[in-house]
Amino acid sequence: GAGVSQSPRYKVAKRGQDVALRCDPISGHVSLFWYQQALGQGPEFLTYFQNEAQLDKSGLPSDRFFAERPEGSVSTLKIQRTQQEDSAVYLCATTGPQETQYFGPGTRLLVL
Amino acid sequence: AQSVTQPDIHITVSEGASLELRCNYSYGATPYLFWYVQSPGQGLQLLLKYFSGDTLVQGIKGFEAEFKRSQSSFNLRKPSVHWSDAAEYFCAVGVSMDMGRRALTFGSGTRLQVQP
């Protein structure tokens, strides 16, 4: 497609469940970012890939969060043993020319 | 550390009135600055960006922003607001990462309400 897509759009998980969030980037965009947006807040950086290499994961809030991009295209953000504080919108973005980041619609995660 | 401050949490304007949304940043190097808009249930859409050169930048939907280095500000303006402009607006600064790319540090947003 023409833009960044994310799936699922909505996810409800019971506390303690593992979840996997998918990001399909714009074709040809080698840089990919994940952000977390809590309710009423701006997005916050989680992690960054250049092709398949994860170059920065300083924003991941705990070791329960894990991201991968094995073939340098689709990326998956995995959260293990979800907690209520993980409830947020998770945004994926890829970088095109001139540092412009194009965002997907996000996955809204609700942990009960 | 870098930061972005949007001092106005919520602004209400009348349709047809002018608009200015404030943004102040803190960043040690030359900033890359952005304004994004987010409508309910939608992703973030880029309105405009500033990297260098002319400090007054034009964006989509009739928006413009002015970079003022002395004030560390990048305020967003529109001369005449339309009802469809009601949304959440985020200012962001690009922070250098490895391989030259920049992650975005966002402000907490300003919610714009437009009255008929």
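Residues numbered from 1 in each chain as written. Chains lettered and ligands numbered in written order. Predicted model: local features only at pLDDT ≥ 70, side-chain atom pairs only at ≥ 80, totals over all residues. Heavy atoms only, no water.

**Overview of the interface of chain A and chain B**
To keep things clear, this is the line we draw: Contact between two residues is taken to exist if any of their heavy atoms lie within 4.5 Å; hydrogens are not considered. Note on definitions: buried area is the accessible-area loss of two parts on being combined, 1.4 Å probe, summed for both. Counted as salt bridges are all cases of a side-chain nitrogen of Lys or Arg within 4 Å of a carboxyl oxygen of Asp or Glu. Helical segments are the DSSP runs of H or I of at least four residues, strand segments are the runs of E of at least two, and each set is numbered from the N terminus.
Taken together, the 25 residues of chain A in the interface contact 23 residues of chain B. Carbon and sulfur atoms supply 54% of the area buried between chain A and chain B, which totals about 1,900 Å² over both sides. Broken down residue by residue, the surface that chain A buries against chain B is led by Pro43, Glu99 and Phe103 of chain A, which jointly contribute 28%. Seen at the junction of chain A and chain B, the total is 0 salt bridges. Elements represented by at least two residues in the side of chain A that touches chain B include exactly strand E4 (31-37), strand E5 (44-50), strand E6 (53-56), strand E9 (88-95) and strand E10 (101-103) of chain A. A per-element tally of the side of chain A that touches chain B places E4 of chain A first, with 4 residues.

**Comments concerning the side chain of arginine 102 of chain B**
Keep this limit in mind: Any pair of nitrogen or oxygen atoms within 3.5 Å is treated as a polar contact; in protein, a donor-acceptor pairing is required on top of that, and neighbouring residues in sequence qualify only through side-chain atoms on both sides.
Turning to its location among the elements, arginine 102 of chain B is positioned in strand E11 (residues 102-106). Within the local environment of arginine 102 of chain B, its side chain forms a polar contact with the backbone oxygen of glycine 94 of chain B, the two atoms lying 3.2 Å apart.

**Thoughts on the pairing of strand E11 (residues 107-111) of chain A**
Residues and elements named next belong to chain A. The cut-off we apply is this: Think of it in three bands: with a 1.4 Å probe and only protein chains considered, a residue is buried below 20% of the maximum accessible area for its type, exposed above 50%, and partly exposed in between. At least two DSSP bridges between two strands are needed for those strands to be called paired.
Alternating residues of E11 divide into Thr107, Leu109 and Val111, all buried, and Arg108 and Leu110, none buried. Bridge count between E9 and E11: 3 bridges; the pairing is antiparallel. In the sheet register, alanine 88 faces E11, and the bridge partner there is leucine 109.

**A word on the side chain of aspartate 86 of chain A**
Mapping aspartate 86 of chain A onto the fold places it in the loop between strand E8 (75-79) and E9. Apart from residues lying up to four places away in sequence, aspartate 86 of chain A is in contact with Gln36, Arg64, Phe65, Ile79, Leu109 and Val111 of chain A.

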